[in-house]
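# Structure at a glance
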Amino acid sequence: MKFPGRRKIKHYFPVAQANNGLPKSEVQPTKDTYIVGLDETIVDVIAKVDDAFLARHSIRKGLSNLVDPQTASAIYQELVAEERISDHFAGGTIGNTLHNYSVLADDKSVLLGVMSNQISLKSPEYHYICDTSSKVDMNHLQGVAGDIGRGITLITEDGERTFAIAPNAMDDVEPESVNEDVIANAAAFVTCAYPLRHAGKPIKATLMKCLQLAKKHHVPVIITLGTQHLVEEYRDEIQQIIEEYASVVAMNEQEAEALTGETKVLKAAEQTLEWCDMVLLTAGPVGLYLCGYTDDQFKRATTHPIKSQDIADFNQWEFSRPQRKRDCESPIKVYSHIDPYMGGPERIRNTNGAGDGALSALLHDIAANSFHQQQVPHSSKHSESHLAYSSFAQICKYANRVSYEILSQHSPRLSKGLPEKEDSLEQAYWAR
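Summarised in this report is the structure supplied together with it. Because the structure is predicted, anything quoted here is derived from the model rather than measured.

Our next topic: the sheet that holds strand 9 (residues 149–155). Taken together, the five strands give an open sheet; going across it, the order is 3-10-9-2-4, and neighbouring strands pair in mixed fashion. Here the strands that pair on one side only, and so sit at the sheet edges, are strand 3 (64–66) and strand 4 (85–90). Here the average twist between neighbouring strands, direction ignored, is 20°. Sheet topology note: the strand 2 (residues 42–48)/strand 4 ladder contains five bridges and is antiparallel. Considered in strand 4, the bridge of Val43 is made with Ala90. Packed onto the sheet, helix 2 (residues 69–81) meets strand 2, strand 4, strand 9 and strand 10 (161–166) and runs at close to 55° relative to strand 9.

All right, on to a nonpolar patch on the surface then. A grouping of Ile119, Leu121, Tyr126 and Ile129 is seen on the molecular surface, where their side chains present a nonpolar patch of about 350 Å² in accessible area. With respect to the helices and strands, Leu121 occurs in the loop between strand 6 (114–116) and helix 4 (124–130).

Counting across every chain of the model gives one aromatic pair. Taking the centre distance of 6.4 Å and the plane angle of 45° together, the rings of Tyr289 and Phe314 count as tilted. Here the residue Tyr289 occupies a position in strand 15 (residues 288–295), and Phe314 occupies one in the loop between strand 15 and strand 16 (331–338), the gap between them amounting to 25 residues. Tyr289 sits in the buried class, given a relative accessible area of 2%. Taking NZ or CZ as reference, Lys215 lies 5.6 Å from the ring centre of Tyr245, over its face.

Attention shifts here to helix 9 (residues 253–260). Of all the residues in helix 9, the buried ones are Glu255, Ala256, Ala258, Leu259 and Thr260. Considering only its buried residues, helix 9 is in contact with helix 7 (228–233), helix 8 (235–245), strand 13 (248–252), helix 10 (265–272) and strand 14 (278–282). Once helix 9 finishes, Gly261 follows within two positions and takes phi at roughly 85°, a positive value.

Sheets are built from strands that pair by backbone hydrogen bonding, the pairs being arranged parallel or antiparallel. The nine strands lie next to each other as 7-5-1-11-12-13-14-15-16, forming an open sheet whose pairing is mixed. In this open sheet, the two strands that pair with only one neighbour each are strand 7 (136–137) and strand 16. Of the strand pairs in this sheet, strand 1 (residues 35–38) and strand 5 (residues 109–112) are connected by four bridges, and their pairing is parallel. Bridging from a neighbouring strand, Leu38 pairs with Leu112 of strand 5. Those strands touched by helix 12 (residues 392–407) are strand 15 and strand 16, and its axis lies near 155° from that of strand 15.

Scoring rules and cut-offs
- Residues numbered from 1 in each chain as written.
- Predicted model: local features only at pLDDT ≥ 70, side-chain atom pairs only at ≥ 80, totals over all residues.
- Heavy atoms only, no water.
- Pairing = 2+ DSSP bridges.
- Helix = DSSP H or I, 4+ residues; strand = E, 2+ residues; numbered from the N terminus.
- Axes fitted to C-alpha atoms, helices over the stretch in contact; angles between N-to-C directions.
- Contact = heavy atoms within 4.5 Å.
- Patch = residues over 30% accessible without salt bridge, like charges linked within 9 Å, V, L, I, M, F, W, Y side chains within 5 Å.
- Areas by Shrake-Rupley, 256 points an atom, 1.4 Å probe, with all protein chains shown as cover.
- Salt bridge = Lys/Arg side-chain N within 4 Å of Asp/Glu carboxyl O.
- Phe/Tyr/Trp six-rings, centres within 6.5 Å; stacked < 30°, edge-to-face > 60°.
- Buried < 20%, exposed > 50% of the residue type's maximum accessible area, 1.4 Å probe, protein only.
- Lys NZ or Arg CZ within 6 Å of the ring centre and 35° of its normal.

Right under this line is the structure:
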C-alpha cells in the first residue's frame with residue numbers, strides 16, 4: 001500500500017515490504033487490506049448536438065430529462081452513427097471514489113453494483129471497465145440482462161448543456177449478491193445516499209443489508225450525501241441512517257446546511273458530530289474541513305496558526321489522531337481546516353469529483369491504519385484504537401492535494417497516483 005511523503009522511522013510504514021506471492025486481481029477477504037463500496041453504475045456520455053436533435057427525441061433543452069431505456073438506446077445509437085460523441089467517462093460517486101482510492105493506494109477495492117452480462121466493444125459498459133483501475137475488483141458485481149445507467153450530456157452550439165438520464169438496470173442489484181465475508185473483512189464500507197431515492201428498487205434493500213453487515217462486524221461506514229436536493233427530500237431518513245450506522249459523513253457546504261439547518265460550515269460539522277465520529281466537509285474555494293473526536297488524554301496541540309470562526313480556536317488540537325467517540329474515555333471534538341492547495345489550480349477544468357477525490361484520500365488513510373496494524377501490530381501507533389493512521393491536519397493536506405489534482409484535469413478519475421516527492425512542496429509540508 002503506497003503512501004505519499006516521509007514517514008517517521010519509529011512508526012515504520014512497510015510500503016516496500018517484499019511480497020513473494022503471485023498477485024491476484026480478486027480480493028482475498030482474510031488476506032488483503034481493501035475497502036468496499038456500493039454504487040449505481042453509470043457512464044457519462046458527452047456529445048455535441050443541434051436543437052433539431054433535441055426536438056426529435058423530445059428532450060427539453062437545458063434541463064435534466066429522465067428517459068426510458070428505449071429512448072436512451074435510440075439517442076445513443078444515433079450519436080454513435082453520426083460520430084457526435086466526444087467522451088465517455090465512467091461515473092458514479094462511489095465508483096469514482098473506489099477508483100481514486102485504488103490509484104492512490106495501488107491496492108485493492110471492491111465494487112458492488114450491477115454490470116451488463118454482455119458487453120460489446122466501445123459500448124458504455126466497455127468504457128466503464130476501461131476507465132476503472134484494474135485494482136478495483138469487479139468480480140462481485142451482479143450481472144444483469146439490460147444496460148447500466150447512462151447519463152448523456154448533450155451540448156448545443158450555444159453552449160447550453162442538456163441532460164438525458166437513463167437509469168436502466170443500475171438500481172437492480174439484489175441483496176443476495178452481497179457476500180458477507182467481503183463486508184466483514186473490509187477496512188471500510190463506503191456508500192452514498194442516492195439509493196434512498198429508490199424504495200421500489202432492490203438497491204435500497206441491498207444498501208440496508210450492507211450497512212447492517214458493516215455494523216455487525218464493526219467495519220467503519222462512510223456515507224457521502226450526494227446532492228443538496230436529495231438531502232432536503234430525505235433528511236430525516238438520512239439522519240437516522242447516519243446515527244445508526246455511520247462513522248464518517250462526507251458532504252459539501254450546501255448538503256451540510258440541508259442536513260443540519262446550519263448555514264455556518266463549522267456549526268454544521270459540529271451538529272453532525274452528534275450523530276457520527278468524523279465529518280469531511282468540502283467548501284469550494286474556502287478549502288476543506290475535517291472534524292471528529294479524540295480522547296482528551298491523547299490530544300496534540302497544533303503548531304500551525306490558531307484559527308477562530310464560529311468556534312474559537314477551533315484547530316487547536318488538529319495534530320491529534322481521529323478516534324471513534326465510543327473508543328474515547330473523555331471524547332473531545334477536533335476541527336481542522338486547510339485552504340485550497342497552492343491557492344487552487346490556475347485553471348479549473350472540472351469541479352465534478354473533487355469531493356470524491358478528497359474522500360478517497362481519507363479512505364486511504366483509514367485503510368492504511370488497518371494495513372499498518374496488521375503488519376506492525378505492536379507499533380506505538382496502535383496502543384489505542386484509532387480510526388485513521390494520520391492526524392486530522394495531515395489528512396487535510398492529503399485530501400486537499402488530491403482535490404487539486406481532480407480540479408486541474410477533465411476527468412473525475414485520477415489517471416496516476418501522487419508523486420512520492422514534489423518540488424513544489426517544501427519538505428516540511430509532509431514531515432509535520
